[in-house]
Amino acid sequence: VSCEINKEFKIFILLQAKFDMKKYVFLTSSIGNMGGAQMFLSNKVEYLRKHGWEVEAFFFNSFNEIKIPNLKRFENNCIPELMYKVQSYSSSQRNAILGRICSYIKKDGGCDMIVVESLLTHLAFWAELVAERVHGIHIVNYLEEDIPVFSKRQIDFFDFKLRRRECLNASKKSLQRLFKNFYLDEYESFFFVLKPFCSNVIDENDEINIDLKRADYTILSIGRLDKPYIQTLLNELICFIGLHPQTRFNLIFIGGSADGYVEKKISSLFGVLENVNVYLLGYLYPIPKMLFENVNVSIASSNSVLVTAELGIPTIVIDACDFHAIGVYGYDTQNKVFRTIEPLRKVSELLNDVLLTDKYANAKPVIGNDEFCADDVFSGQLNFLKTVPGDNVYYDVNSAFSRKECLIAWIRRNVHSVLKRSNKK
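Residues numbered from 1 in each chain as written. Predicted model: local features only at pLDDT ≥ 70, side-chain atom pairs only at ≥ 80, totals over all residues. Heavy atoms only, no water.

Draft legend 1. Representation of the overall build of the protein chain within the structure. Within the protein chain, the regular secondary structure consists of twelve helices and twelve strands. Counting only residues that meet the buried cut, the protein chain has 48% of its 425 residues in that class. Relative to all contacts within the protein chain whose residues are 6 or more apart in sequence, the contacts with residues 24 or more apart total 71%. As displayed, the protein chain offers around 21,100 Å² of accessible surface, 52% of which is attributable to carbon and sulfur atoms. (Helix = DSSP H or I, 4+ residues; strand = E, 2+ residues; numbered from the N terminus. Buried < 20%, exposed > 50% of the residue type's maximum accessible area, 1.4 Å probe, protein only. Contact = heavy atoms within 4.5 Å. Areas by Shrake-Rupley, 256 points an atom, 1.4 Å probe, with all protein chains shown as cover.)

What follows is the structure in structure tokens.
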């Protein structure tokens with residue numbers, strides 16, 4: 001009898017688990033290399049799986065290496081077609097792409113709840129169509145710093161999502177960046193401020209085999225090398241180093257570009273300067289702590305700022321919009337992405353202040369309290385799901401694009417595809 005009871009109990013548990021199946025699906029640009037979006041995805045995937053969710057992530061950028069171990073489970077989920085806007089495909093092509101994604105989502109049978117989260121604005125239109133097909137909830141959570149300009153028709157889509165409380169990243173600043181001239185004061189009633197969370201990327205024990213040459217100062221840059229501010233930063237570094245020909249500098253870059261073009265450009269730019277040594281380390285995860293021992297100043301944007309600021313290294317923050325310095329984090333700014341009241345500063349000026357004067361030597365930095373544990377941050381995001389309607393009502397994505405917009409997008413996609421194939425030959 002005891003065995004029969006145990007057997008029935010196990011069956012009940014299995015059936016209950018099946019009934020409570022929840023699946024969370026991400027649409028993102030890449031799971032390879034290393035960046036803020038990959039770190040966010042990794043942290044949220046870890047949290048969701050720990051709390052009983054099945055998780056899938058689909059992406060469109062190929063990769064040389066997946067740096068974050070728990071993202072390797074998605075390596076076969078590359079959908080290259082998602083690189084292009086939804087309006088650049090014919091109806092039949094679009095249906096074929098959606099069919100591949102949705103069949104993979106449903107491969108394990110039905111789910112009690114499916115949530116689709118889009119991490120780029122152009123993927124939001126794709127995600128809405130995916131959610132409609134699988135009868136799920138689509139949450140818009142755009143993470144890009146440079147948001148494109150959308151037409152009024154497309155803005156109506158984001159207005160629809162916001163009013164349904166289906167925009168996760170809905171602070172005043174982020175919504176102003178999204179809606180631009182279409183922003184309305186009434187959007188304030190739909191705010192949901194997304195707390196930042198970035199797990200530690202520093203390894204206390206790892207060693208790194210880099211022979212840094214003797215230098216008077218070591219300058220570090222952390223961040224992708226194909227970010228828009230990089231060209232302005234390189235110009236400022238050239239300017240500053242050129243003004244001090246008798247001073248020796250080490251320049252360390254952590255991060256890379258998609259095709260290696262920026263790395264070649266950096267080598268070419270600084271190769272003609274005799275007083276600088278350049279170290280292109282590519283994507284590192286985790287970053288060995290010993291690498292920071294000789295760093296005098298760091299330059300970064302977004303959450304990369306915290307990596308060095310929390311180690312006590314003066315860290316110059318770059319504005320993601322105008323590409324110039326906001327200030328030194330913890331000293332004259334608490335902003336990590338965009339300036340508010342801070343005046344526009346040149347990086348070369350701040351390098352001079354940090355390295356060649358005593359302006360920051362005796363001051364004590366005030367580091368903002370951006371540290372939250374994963375449970376606090378992501379439990380809030382899951383609680384956010386309780387505020388969405390969940391009534392299987394979706395936006396008519398086809399209505400967001402005129403015939404002219406579809407034609408232009410179709411031409412651009414095909415031209416880009418041809419150029420891409422020719423570059424590979």
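So much for the structure itself; the text now carries on.
Draft legend 2. Spotlight on the side chain of serine 221. Inspection of the secondary structure assignment puts serine 221 in strand E6 (residues 217-222). According to the relative accessible area criterion, serine 221 is buried, its value standing at 4%. Dropping the residues within four chain positions of it, serine 221 is found in contact with Leu233, Ile252, Phe253, Ile254 and Ile299.

Draft legend 3. Region of interest: the packing of helix H7 (residues 230-242) against helix H10 (residues 347-356). Running from amino to carboxyl end, H7 crosses H10 at an angle of 50°, the nearest separation of the two axes being 8 Å. Taken as axis vectors, H7 and H10 run oblique relative to one another. The way H7 lies across H10 gives a crossing that is right-handed. Mapping the contact onto sequence places Leu233, Glu236, Leu237, Cys239 and Phe240 in H7 and Val347, Ser348, Leu351, Asn352, Leu355 and Leu356 in H10. Looking at side-chain class alone, the contact of H7 with H10 contains eight nonpolar, two polar and one charged residues. (Axes fitted to C-alpha atoms, helices over the stretch in contact; angles between N-to-C directions. Parallel < 35°, antiparallel > 145°, perpendicular 65-115°, else oblique. Left-handed = near helix turned anticlockwise from the far one by under 90°. Nonpolar A, V, L, I, M, F, W, Y, C, P; charged D, E, K, R; others polar.)

Draft legend 4. Structural view of the environment of aspartate 259. Its location among the elements puts aspartate 259 in the loop between strand E7 (249-254) and helix H8 (261-271). Given a relative accessible area of 63%, aspartate 259 falls into the exposed group. In this structure, the C-alpha to C-alpha distance between aspartate 259 and aspartate 226, residues 33 residues apart in sequence, is 9.2 Å.

Draft legend 5. Main features of the pairing of strand E11 (residues 315-318). In E11, alternate side chains face the same way, and those of Thr315 and Val317 on one face and Ile316 and Ile318 on the other are all buried. One crossover worth recording links strand E10 (residues 297-300) to the parallel E11 by way of helix H9 (residues 304-309), and it is right-handed. Two elements, E11 and strand E12 (residues 325-328), share three bridges in a ladder whose sense is antiparallel. The residue bridging isoleucine 316 from the neighbouring strand is valine 328, located in E12. Here E11 hands over to E12 after six residues, with phenylalanine 323 in that stretch at a positive phi of 70°. (Right-handed = clockwise from strand over helix to strand, strands pointing away. Pairing = 2+ DSSP bridges.)

Draft legend 6. Representation of the packing of helix H5 (residues 152-163) against helix H6 (residues 172-179) within the structure. For the pair H5 and H6, the least separation of the axes is 10 Å and the interaxial angle reads 155°. What the angle tells us is that H5 and H6 run roughly antiparallel. Across the interface between the two elements, Ile155, Phe158, Asp159 and Leu162 of H5 pack against Leu175, Leu178 and Phe179 of H6. Tallied by class, the residues present in the contact of H5 with H6 amount to six nonpolar, no polar and one charged.

Draft legend 7. Representation of the pattern of salt bridges. Taken as a whole, this structure holds 17 salt bridges when the rule is applied. Note that lysine 23 and glutamate 54 form a salt bridge whose closest N and O atoms lie 3.7 Å from each other. Here lysine 23 is found in strand E1 (residues 22-27), whereas its partner glutamate 54 is found in strand E2 (residues 53-58), with 31 residues between them in sequence. The partner of arginine 163 in a salt bridge is glutamate 186, with the nearest N and O atoms 2.8 Å apart. Within this pair, whereas arginine 163 is found in helix H5, its partner glutamate 186 is found in the loop between H6 and strand E5 (202-203), the two being separated by 23 residues in sequence. The class of arginine 163 is partly exposed, set by a relative accessible area of 34%. Judged by relative accessible area, which is 46%, glutamate 186 ranks as partly exposed. (Salt bridge = Lys/Arg side-chain N within 4 Å of Asp/Glu carboxyl O.)

Draft legend 8. Up close: the sheet that holds E11. Strand order in this open sheet of six strands is E8-E7-E6-E10-E11-E12, and the pairing throughout is mixed. In this open sheet, the two strands that pair with only one neighbour each are strand E8 (276-282) and E12. Ignoring strand direction, the axes of neighbouring strands in this sheet form an average angle of 20°. Summarising the sheet, E6 and E10 pair through three bridges and their orientation is parallel. Bridging from a neighbouring strand, isoleucine 219 pairs with valine 297 of E10. In the packing of H8 onto the sheet, contacts are made with E7 and E8, and the angle to E8 comes to roughly 170°.

Draft legend 9. Unusual backbone geometry, seen in detail. The phi dihedral of phenylalanine 323 falls on the positive side, at around 70°, and the residue is not glycine. Positionally, phenylalanine 323 belongs in the loop between E11 and E12. Even without being glycine, asparagine 392 reaches a positive phi, approximately 60°. Take asparagine 392: it is sitting in the loop between helix H11 (374-384) and helix H12 (403-424).

Draft legend 10. Expanded view of the environment of phenylalanine 58. When you line up the elements, phenylalanine 58 lands in strand E2. In sequence terms phenylalanine 58 and asparagine 77 are 19 residues apart; their C-alpha atoms lie 5.1 Å from each other. Beyond its immediate stretch of four places on either side in the chain, phenylalanine 58 contacts Val25, Phe26, Leu27, Thr28, Asn77, Ile79, Leu82, Ile101, Tyr104 and Ile105.

Draft legend 11. Quick peek at a nonpolar patch on the surface. A cluster of nonpolar side chains, namely Leu407, Trp410, Ile411, Val415 and Leu419, defines an oily patch on the protein surface of about 470 Å² accessible area. If you trace the backbone, tryptophan 410 turns up in helix H12. (Patch = residues over 30% accessible without salt bridge, like charges linked within 9 Å, V, L, I, M, F, W, Y side chains within 5 Å.)

Draft legend 12. Quick look at H8. Those residues of H8 that sit buried are Val262, Glu263, Ile266 and Phe270. For H8, the angular spread of buried residues about the axis comes to 100°, placing them on one side. Of the residues in H8, the exposed ones pointing more than 90 degrees away from the buried face are Tyr261, Lys264, Ser268 and Gly271. Its buried side turned inward, H8 meets H7, E7 and E8. (Arc of directions from axis to C-beta.)

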